Amino acid sequence: MTSMGLMMGVKKVQGKTQKMDRSLPITIDPAFRSVSKNSTNFLIWRVEKMQLLPLAKSHYGTFHTEDAYIVYVAAERGKIASHDMPSYSPRGPLEVHIHFWLGAECSTDSATMAAYKSVELDTYLGGSPVQHREVQNSESPRFKSYFKSGIRLLIGGVEFGQSSLRIVEPRLFQVRGRRSPVLLQMPEISWRFFNSGDVFILDTKDVIFVWIGKFSNSLEKLQAAKIAKKLMEEHHALSIVFVDDGKEMDLPQSEKLLLGVYLDLNKRNLVRDRIFDDDKSMEILINSKLKLYHCSEEDGTYKVVEAKTGPLHQSDLHSSDSFIIDNCGHSVWAWIGKHASMRERNEGIRNAHGFVKKKGYSAGTPVCRVIEGGEPPEFKALFLSWKDKDDLNFGFTLPHGSYKASPKSATVKLDAASLHRPLRIQNGSMESILNIIDSKMEVWRVSRSVLKEVPFSAVGRFYTNDCYLIHYSYNYAGKNHHVLYYWLGLHSTVMEQTALAYHTVAEDERLGGIAVQVRVVEGKEPPHFLHMFRGRLLIMQGDHSDEMPRNFMLQVRGTSQETTRAYQVHLRAASLNTNYVYVLKLGKDEQNYIWCGRKSTGDERDMAKHIAEKYAPQHLVLYEGQEKETFWEDIGGRDIYSDKRLPENPVHCLSPRLFCCSSPCGYLKVEEVVHYQQTDLMPEDIMIMDTWETLFIWIGAEANQEEKRSCIQLAIEYLKSDPSGRDVKIPIVLIKQGHEPPVFTSFFARWDDDLWKSHKTFGEVRKELENAKPTIQVELKLNTGPAFDFEDYPKYPFHNLIEKEPEKLPKNVDLLHKEVSIANECAA
């Protein structure tokens, strides 16, 4: 590494970068002839003897650890992509992704072949697909989302052949993952691979054992039960047996005897405690910083020079160049501008992988290449500001493709009740249904850790040194609804904020636990909160007072009842700003003013008049530059004031993203659910729906009690860990399972209120399977040939018994019951 940055040895061709002549015919591998450029499709090829061969669709989702694969995904933009999706000609544009997957024991030649062929396929498709490098055990959430029923990782490679999948040999699997489970085959059947934090499946020819680690989580147990049932159906096993960690000796005699054929129960002490090392690869580091690197070629050498440390903005990228974005070693992205050379497109992912190696990051670090204009949501989310062409910005961002908006729909009117009311679309614009029946608002403030009711005359005024609880209740469609807002002043104490959180939970419990809770920080009030006060919300300085001060000056920000708040500022000329409108009350009616800055808008002036009608009904309207000298005298004399507009919130038209968040061992674990559906909201979990401007926390009915109590802190840690540098003070909305408002359910393509009535917990699934299993009888004498006791059969190491050709097996091995010849710890 030089002082100028990271350098990688990639030489130029004939002294300068060569651009591809698009008019020349492109040589394409015959394997890619099945790819239609104008149709959705999902295809997988495997590298076999340095050739690409299509994988049978019946084996999609199964990968061998010694192999390399290419996965091609073309889906209609905004639609769910999966391994079993239909092929059709879409109405809208295609979103194309190319993944090349490398097994942990894959050879260098196979890995190189997969990477090279991915570039060839990309070139054939015009260089626009997103390219991903996937490594076993570090697969991206997007890759795993294609296989909702899970991924199987089997030991071995091509020599095992696809036909080997139909031969059932005793195998031990570890189950990992909460939604898209990974079934990882262990090298052998041995207690030394077990740990108490995971679930393991011992798949034999006749019986499937599910071993439940004492510290395993409920979702992994549920997934293991579903996988066991699927395995039983695949090869017609007789039964599923659940084994609890530490209670192996409590099994019925026949089940214990059969388990002992494969695992020596006397060596059960080899089981390790739970292991967190693998999970820590999912950790998002708190306050981590993005880094942007500019890529260029000089003197025959490819240079990568650090250009900026986050937060990043879309404007930091330039169409004529290529860049590398380093997400603190968790992922590395190569961004190629639309005017960059074809060589930069083709070598983008290779250069990014070279960057990973130069930095000394893990070989499993996800590496992706994106082309300008085709950036996926995961990439856009790294930037503090991002706006696609023709995108509009809404208070709550709606799902991509949910409706076609017109320019008039850029402002969405929402009040607290609209959290629960369905939205309707009329004439291309979106409106909330505003028929509120029996609405009621109660407001309290925290005073010495207890709640004190705010009198009606003071409702709508919030003081920056205080904290408030607002209970908004109303009746809609014959049903009572409740929203609990807790508002935090920027200068309130930690003690007051803690007390407010306690009182909010207590009030929710008093209401039966059905209220929507909304955390609101001063200056970040959402539209539905502002609309409750009809554009007259005031943020005052200092401590709470039930009476307005005799003299004050308010800076008005906003253009409607859904966006307006007024801030008290010091009563002096220096507080003015040419971009804003001010309301001044000076103790006498004839000395009240509305001062309009030269750069303020008509809508802002209208909202200032709306506020003045209540707090300074008799006033004079003054425009900047037309003030009389008496005005300056009333506010203490002329002074220099600002002409700079205060920074606005960054525009980010990002599609909603769903995450599962937890803190299993003291660090934040985040797992994105790509192509999410309502079924991904598991009752055992706590989920985060990130709409950029608002964070929704969905709390499952059976979620961990500790995580329920700390979910707000969990959400704050999530925001702190966001590498884009987003403000942690955005609104946070708590929603309980079964009480989801339409403003949340609208982010899902389909929503079924009765979905969870059919949901079964792990305990229920286990009970069903155990009640259905037959009684297992283990015969120690076999009827094939001469009768022997189990102990009389010759014993051999497990690896000697997995041969498929009978002539290669040791002598005296029963071909139909090879398990009785397993030696050492696998023998009973």
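Residues numbered from 1 in each chain as written. Predicted model: local features only at pLDDT ≥ 70, side-chain atom pairs only at ≥ 80, totals over all residues. Heavy atoms only, no water.

> What am I meant to see in the packing of helix α3 (residues 218-234) against helix α14 (residues 762-772) here?
Relative placement of two packed helices is described by the angle separating their axes and the distance separating the axes. The geometry of α3 relative to α14 is characterised by a closest axis approach of 9 Å and an angle of 30° between their N-to-C directions. In terms of orientation, α3 lies roughly parallel with respect to α14. Judged by the sense of rotation from one axis to the other, the crossing of α3 with α14 is left-handed. Listed contacts from α14 to Ser218, Lys221, Leu222, Ala225 and Lys229 of α3 are Phe762, Val765 and Leu769. For the contact of α3 with α14, a count of residues per class yields 5 nonpolar, 1 polar and 2 charged. (Axes fitted to C-alpha atoms, helices over the stretch in contact; angles between N-to-C directions. Helix = DSSP H or I, 4+ residues; strand = E, 2+ residues; numbered from the N terminus. Parallel < 35°, antiparallel > 145°, perpendicular 65-115°, else oblique. Left-handed = near helix turned anticlockwise from the far one by under 90°. Contact = heavy atoms within 4.5 Å. Nonpolar A, V, L, I, M, F, W, Y, C, P; charged D, E, K, R; others polar.)

> How do you make sense of the pairing of strand β5 (residues 68-76) when you look at a structure like this?
Each regular strand carries side chains that alternate between the two faces of the sheet. The buried fraction of β5 is high, at 9 of 9 residues. The alternating pattern of β5 places Ala68, Ile70, Tyr72, Ala74 and Glu76 on one face and Tyr69, Val71, Val73 and Ala75 on the opposite face, and all of these are buried. As defined by bridge partners, strand β2 (residues 41-48) adjoins β5 across 6 bridges and the pair is classed as antiparallel. When the sheet's bridge partners are listed, arginine 46 is paired in β5 with tyrosine 69. Where β5 lies against strand β6 (residues 94-102), 9 bridges are found, and the strand directions are antiparallel. (Buried < 20%, exposed > 50% of the residue type's maximum accessible area, 1.4 Å probe, protein only. Pairing = 2+ DSSP bridges.)

> Just to check I follow, could you spell out the sheet that holds strand β4 (residues 62-64) for this structure?
The strands that make up a sheet pair up through hydrogen bonds in the backbone, lying either parallel or antiparallel. The strand order across the open sheet built from 7 strands is β4-β8-β10-β9-β11-β12-β13, with neighbouring strands paired in mixed fashion. Edge positions in the sheet fall to β4 and β13 (239-244), since each has one partner strand and no second. If you compare each strand with its neighbour and ignore which way they point, the axes differ by 20° on average. Here strand β12 (residues 207-212) pairs with β13 via 6 bridges, running parallel. Each residue of the ladder has a partner; that of isoleucine 212, found in β13, is aspartate 244.

> What is the right way to read the pairing of strand β37 (residues 686-690) from this model?
With respect to burial, β37 is a largely interior element, 5 of its 5 residues being buried. Of the two faces of β37, the one holding Ile686, Ile688 and Asp690 and the one holding Met687 and Met689 are both buried throughout. Across 5 bridges, the pairing between β37 and strand β38 (residues 695-699) is antiparallel. Paired with isoleucine 688 across the two strands is isoleucine 697, which belongs to β38. In this structure, the hairpin formed by β37 and β38 is closed by a connection of 4 residues, where tryptophan 692 is found at a positive phi of approximately 75°.

> Would you mind going over the nonpolar core with me for this structure?
Side chains that are nonpolar tend, in soluble globular proteins, to be buried together. Core analysis: the largest hydrophobic core is formed by 78 residues, its most contacted members being Phe42, Trp45 and Tyr72. With 8 residues, β5 is the single largest residue contributor to this core. Grouped together as the second largest cluster of nonpolar side chains are 54 residues, Phe462, Tyr474, Phe529 and Cys596 included. (Core = buried A, V, L, I, M, F, W, Y, C linked by side-chain atoms within 4.5 Å.)

> Honestly, the pattern of salt bridges in this entry has me stumped. Any pointers?
A side chain with one charge can pair with a side chain of the opposite charge if their charged atoms come near. On inspection of all chains with the given rule, the structure shows 35 salt bridges. Glutamate 347 is the partner of arginine 343 in a salt bridge, and the nearest nitrogen-oxygen pair spans 3.3 Å. Pair noted here: arginine 343 and glutamate 347 are both in helix α5 (residues 342-359), with a separation of 4 residues, about one helical turn. Comparing arginine 343 with glutamate 347 shows no difference in burial state: the two are buried. The shortest N-O distance in the salt bridge between lysine 760 and glutamate 768 comes to 2.8 Å. (Salt bridge = Lys/Arg side-chain N within 4 Å of Asp/Glu carboxyl O.)

> Quick question: what am I supposed to make of the sheet that holds strand β25 (residues 461-463) here?
If you trace the 7 strands from one edge of the open sheet to the other, you get β25-β29-β31-β30-β32-β33-β34, paired in mixed fashion. Edge positions in the sheet fall to β25 and β34 (620-623), since each has one partner strand and no second. Strand-to-strand twist of the sheet, defined as the mean angle between neighbouring strand axes without regard to direction, takes the value 25°. Both strand β30 (residues 551-557) and strand β31 (residues 565-569) contribute to a ladder of 5 bridges, which runs antiparallel. Looking at the pairing, leucine 554 lines up with glutamine 568 of β31.

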